[in-house]
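# Understanding the architecture of this molecule
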Amino acid sequence: METCKKFYENVILYMEGSLSEAQKEVFVSHLKECKECQSYLQYMNMLVHDRASDIDTDVEYWDNLAKKITKNIDSFCKKIELRILRLKGLLVGLLCLSCLILAILKEYHRNQEIVKNYHLYKDLPVIEKLDELQELCAFQEDGNE
Ligand SMILES: [Zn+2]
């Protein structure tokens, strides 16, 4: 007669169908007369089937999952590439903008200098007539001869 302990040891093998005919005979004959082992087998059965329903064994599912993961990785890489490209564009744009701002600031500074120093040359004589200029030039040429 098989003891309950032996039954517990063999219950998985029984469920797998791995017991030899002789072992199976002993196992079943104990099962028929032991209420505890009957409920234990029932419990184990329930446990295994509950767990089994949690695990998806569908080959197509796993195949699709692998494809989905590959696709996700691809799109992720593309996104990263696009972001790097955008970042490069942004950097070039920023560089151009800072050059422009620098040029504007330089020009503004030069104009400020002119305004600040206006008093230095506002009283300088302004030659209004072309004749006067020509006369002046002629006078200088005469003087050189
Ligand atoms: Zn038993």
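Residues numbered from 1 in each chain as written. Predicted model: local features only at pLDDT ≥ 70, side-chain atom pairs only at ≥ 80, totals over all residues.

### Quick look at the overall build of the protein chain
Applicable threshold: Counting from the N terminus, the helices are DSSP H or I runs at least four residues long and the strands are E runs at least two residues long. Partly exposed residues are those whose C-beta has more than 12 but fewer than 20 other C-beta atoms within 10 Å; 20 or more makes a residue buried and 12 or fewer makes it exposed, with C-beta atoms placed from the backbone.
Scanning the protein chain from N- to C-terminus turns up six helices and zero strands. Counted from the first residue to the last, the protein chain has its helices and strands arranged as α-α-α-α-α-α. The burial tally for the protein chain puts 1% of its 145 residues in the buried class.

### Comments concerning the environment of Cys-4
Formally: Placing C-beta atoms from the backbone, we regard two residues as in contact once those atoms come within 7 Å.
Note on placement: Cys-4 falls in helix H1 (residues 4–16). Among the residues examined, Cys-4 registers 12 C-beta atoms within 10 Å and is labelled exposed. For the pair Cys-4 and Leu-31, spaced 27 residues apart in sequence, the C-alpha to C-alpha distance is 9.2 Å. Once residues lying within four places of it in the same chain are set aside, the contact partners of Cys-4 are Cys-34, Glu-36 and Cys-37.

### Comments concerning helix H4 (residues 59–116)
We count it as follows: Expected span of a helix: the number of residues minus one, times 1.5 Å.
Here H4 spans 84 Å end to end across 58 residues, near enough to the 86 Å set by a 1.5 Å rise per residue. In terms of burial, H4 is a largely surface element, zero of the 58 residues being buried.

### Considerations on the confidence of the model for the protein chain
Going by this rule: Confidence of the predictor in every single residue is expressed as pLDDT, which spans 0 to 100.
Per-residue confidence for the protein chain averages 85 on the pLDDT scale, and 86% of its residues sit at or above 70. The least confident element of the protein chain, judged by mean pLDDT, is helix H6 (residues 130–144) at 72; the most confident is helix H2 (residues 21–33) at 92.

### Let's talk about the packing of H1 against H2
Packed helices, taken two at a time, are described by their axes: the angle between them and the distance between them. Counted only if it meets this: Structural elements are reduced to axes, namely lines fitted to C-alpha atoms, with helices fitted over the stretch in contact, and the angle between N-to-C directions of any two is expressed from 0 to 180 degrees. Crossing handedness is defined as follows: a turn of the near helix away from the far one that is anticlockwise and smaller than a right angle gives a left-handed crossing, while the clockwise case is right-handed. For this classification, the nonpolar set comprises Ala, Val, Leu, Ile, Met, Phe, Trp, Tyr, Cys and Pro, the charged set comprises Asp, Glu, Lys and Arg, and every other residue, Gly included, is treated as polar.
Interaxial distance between H1 and H2 falls to 11 Å at its minimum, and their mutual angle equals 120 degrees. The crossing of H1 and H2 is left-handed. From H1, Phe-7, Asn-10 and Tyr-14 reach across to H2, where they touch Gln-23, Lys-24, Phe-27 and His-30. Each residue belonging to the contact of H1 with H2 can be placed in one class, and the counts come to three nonpolar, three polar and one charged.

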